[in-house]
Amino acid sequence: MRIYSTRKLPEKHIQSIIHNIDGVEVEMWPYEDKPISREELVKQVEHADGLITMLSDSIDEEILAKGTKLKVVANLAVGFDNINLEAARKHQVVVCNTPDVLTETTADLTFGLLMATARRFGEAISYIKNDQWNSWSPYLLAGQDIHHKTIGIFGMGAIGEAVARRARGFSMNVLYHNRTRKEEAEKSLPAQYVSLNDLAEQSDFVVSLAPLTNDTKNTFNKEFFQKMKSTAIFVNAGRGPVMNEADLYDALTTGKIAGAGLDVFEKEPIGANHPLVGLPNVVAIPHIGSASIETRTAMIQLCFENVLQVLQGKEAKTPVKR
Ligand code: GLV
Ligand code: GLV
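Residues numbered from 1 in each chain as written. Chains lettered and ligands numbered in written order. Predicted model: local features only at pLDDT ≥ 70, side-chain atom pairs only at ≥ 80, totals over all residues. Heavy atoms only, no water.

Student: If you had to explain the overall build of the protein to someone new, which residues and values would you point to?
Tutor: The secondary structure content of the protein amounts to 12 helices and 12 strands. The C-alpha radius of gyration of the protein comes to 21 Å, within 12% of the 20 Å expected for a compact globule of 322 residues. Taking the principal axes of its C-alpha atoms as reference, the protein extends roughly 65 × 50 × 35 Å. Carbon and sulfur atoms make up 51% of the accessible area of the protein, which amounts to about 16,100 Å² in all. Once the 35 positive and 40 negative side-chain charges of the protein are each reduced to a mean point, those two points are 1 Å apart. (Helix = DSSP H or I, 4+ residues; strand = E, 2+ residues; numbered from the N terminus. Rg over C-alpha atoms; globule rule 2.2 N^0.38 Å. Areas by Shrake-Rupley, 256 points an atom, 1.4 Å probe, with all protein chains shown as cover. Lys, Arg positive; Asp, Glu negative; His and termini not counted. Charge placed at Lys NZ, Arg CZ, Asp CG, Glu CD.)

Student: Summarise the site of ligand 1; cite the residues concerned and give the values.
Tutor: Around ligand 1 lies a shell formed by Leu-55, Ala-77, Val-78, Gly-79, Leu-102, Arg-239 and His-287. The contact in question runs from an oxygen atom of ligand 1 to an N or O atom on the side chain of His-287, over 2.5 Å. In the complex, the protein chains occlude 88% of the 190 Å² of accessible area that ligand 1 would expose alone. Along the lines of polarity and charge, the residues of the shell around ligand 1 split into four nonpolar, two polar and one charged. (Near = heavy atom within 4 Å. Polar contact = N/O pair within 3.5 Å; in protein donor to acceptor, adjacent residues only side chain to side chain. Nonpolar A, V, L, I, M, F, W, Y, C, P; charged D, E, K, R; others polar.)

Student: Provide a residue-level description of the side chain of Asp-49, including the pertinent values.
Tutor: Structurally, Asp-49 is set in the loop between helix 2 (38-45) and strand 3 (50-53). At 2.7 Å, the side chain of Asp-49 forms a polar contact with the backbone nitrogen of Arg-2. Among all residues touching Asp-49, those that are not within four sequence positions of it are Met-1, Arg-2, Lys-69, Leu-70, Lys-71, Val-72 and Leu-311. (Contact = heavy atoms within 4.5 Å.)

Student: Before we move on, can you summarise the sheet that holds strand 7 (residues 173-177) with the specific residues and values?
Tutor: With respect to topology, seven strands assemble into an open sheet ordered 8-7-6-9-10-11-12, the strand pairing being parallel. Here the strands that pair on one side only, and so sit at the sheet edges, are strand 8 (192-193) and strand 12 (282-284). Pairing between strand 9 (residues 205-208) and strand 10 (residues 233-236): four bridges, direction parallel. Its bridge partner being in strand 10, Val-207 is matched across the sheet by Val-235. The strands touched by helix 7 (residues 158-169) are strand 6 (150-154) and strand 7; relative to strand 6, the strand with the most contacts, the crossing angle is about 175°. (Pairing = 2+ DSSP bridges. Axes fitted to C-alpha atoms, helices over the stretch in contact; angles between N-to-C directions.)

Student: Explain the packing of helix 5 (residues 103-118) against helix 7 to me, and be specific about the residues and the numbers.
Tutor: Closest axis-to-axis distance for the helix 5/helix 7 pair is 8 Å, and the angle between their directions is 55°. Taken together, the axes of helix 5 and helix 7 lie oblique to each other. Once helix 5 is placed against helix 7, the crossing between them reads as right-handed. On the side of helix 5, the interface is formed by Thr-103, Glu-104, Thr-106, Ala-107, Asp-108, Thr-110 and Phe-111, while helix 7 contributes Ala-158, Ile-159, Ala-162, Val-163, Arg-165, Arg-166 and Ala-167. Here the contact of helix 5 with helix 7 is built from residues that sort into seven nonpolar, three polar and four charged. (Parallel < 35°, antiparallel > 145°, perpendicular 65-115°, else oblique. Left-handed = near helix turned anticlockwise from the far one by under 90°.)

Student: Give a description of unusual backbone geometry that names residues and reports values.
Tutor: Leaving glycine aside, a negative phi is the common case for residues, and trans is the common case for peptide bonds. The peptide bond linking Leu-189 to Pro-190 adopts the cis configuration, its omega dihedral lying at -5°. Structurally, Pro-190 is set in the loop between helix 8 (183-188) and strand 8. A cis amide bond links Glu-268 to the next residue, Pro-269, at an omega of 0°. With a phi close to 60°, Asp-131 is a non-glycine residue in the positive phi region.

Student: Quick one: what's the story with the sheet that holds strand 4 (residues 72-75), residue by residue and with numbers?
Tutor: In spatial order, the strands read 2-1-3-4-5; together these five strands make up an open sheet with parallel pairing. The open sheet terminates on both sides in strands that have one partner only, identified here as strand 2 (25-28) and strand 5 (94-96). Across the sheet, the mean angle separating the axes of adjacent strands is 15° when strand polarity is ignored.

Student: An account of the environment of Leu-212 is requested, with residue identities and associated values reported.
Tutor: Tracing the chain through its elements places Leu-212 in the loop between strand 9 and helix 10 (222-227). Exposure remark for Leu-212: the relative accessible area of 23% places this residue in the partly exposed category. Through-space distance from the C-alpha of Leu-212 to that of Gly-240 is 8.1 Å; in sequence the pair is 28 residues apart. If near-sequence neighbours (up to four positions away) are discounted, Leu-212 is found in contact with Asp-81, Lys-217, Arg-239, Pro-241 and Val-242. (Buried < 20%, exposed > 50% of the residue type's maximum accessible area, 1.4 Å probe, protein only.)

Student: Help me get a handle on the UniProt feature "domain: D-isomer specific 2-hydroxyacid dehydrogenase NAD-binding" (unreviewed entry) in the protein, residues and values and all.
Tutor: If you check UniProt for "domain: D-isomer specific 2-hydroxyacid dehydrogenase NAD-binding" (unreviewed entry), the listed places come out as residues 111-289 in our numbering. For residues 111-289, helix accounts for 32% and strand for 15%, while the C-alpha atoms at its two ends are 10 Å apart. (UniProt positions renumbered as here; feature names shortened; annotations may be inferred.)

Student: If you had to explain helix 7 to someone new, which residues and values would you point to?
Tutor: In this model helix 7 runs 17 Å from its N-terminal to its C-terminal C-alpha over 12 residues, within 8% of the 16 Å that 1.5 Å per residue would give. Looking only at helix 7, the buried set comprises Ile-159, Gly-160, Ala-162, Val-163, Ala-164, Arg-166 and Ala-167. Packing partners of the buried residues in helix 7 comprise helix 5, strand 6 and strand 7. Looking one or two places after helix 7, you find Ser-171, whose phi comes out positive at around 55°. (Expected span 1.5 Å × (residues − 1).)

This is the structure we're talking about:
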């Protein structure tokens, strides 16, 4: 049986996972920092029983149809908007993601991004690098307070709850909006469920962790930003297309909101001349939410476990729930 990974992953982890399983071979796209070409993916999927994919690979009808031996796709991410689930069901391919193992790590990054944006780390780091620090002054790089403020979380899944716990540690008031109510979290945190409108109007920090779906796409648009406080900060550590970047740019440049911390973008990767990157009140980082060495290793391990379970005729550990 052949497992193909669309990105080069560390051999030593892979060997330790598959060493005692007969008849399984693993092949990989040879580059760690360069995505597989479409052409190569189409070619490789024809011979694969299991596929390990990245969030930057589009696993669509064409790919799934070409994979005549394919039984399982394990995405190295908790999100799976890059995979056509309908087509996977039609072709009887099990789709897996990596929930839980990345929850706390992604919450750390999200809260760090909130803090970096509120306290203007981006500008502050450049300030010294550009040799601008000539004196201490009372309002030098003065930002927004975080403690005792109101955070509004859009997308209250496991990561949303983990961010909310961090926010409670900073004595923040926690609001959230989600497809379904989280009554246990409401009591234990505590957190308050609000409408999207109230989330916009009452939050000092709006934090998006929602997956990309037809329902969430373009949620953060002109209309939403207009309702936010002019001192408020928008943070997106979920998926880029949940926000409208042109509308966000306008909101940031016309003073409708105070700043934005972004780990994700509409179309990734972005370059240095992306309009949002040029704004002083934006902290932009390259989709690194779950990127700790421990967590990426756990995610890779979970992907292989999922693939092996399915190829051995067992239930996957973390199949995507439809
Ligand atoms: C990262 O964005 C993920 O979905 O895991
Ligand atoms: C700042 O460093 C202070 O002493 O207030």
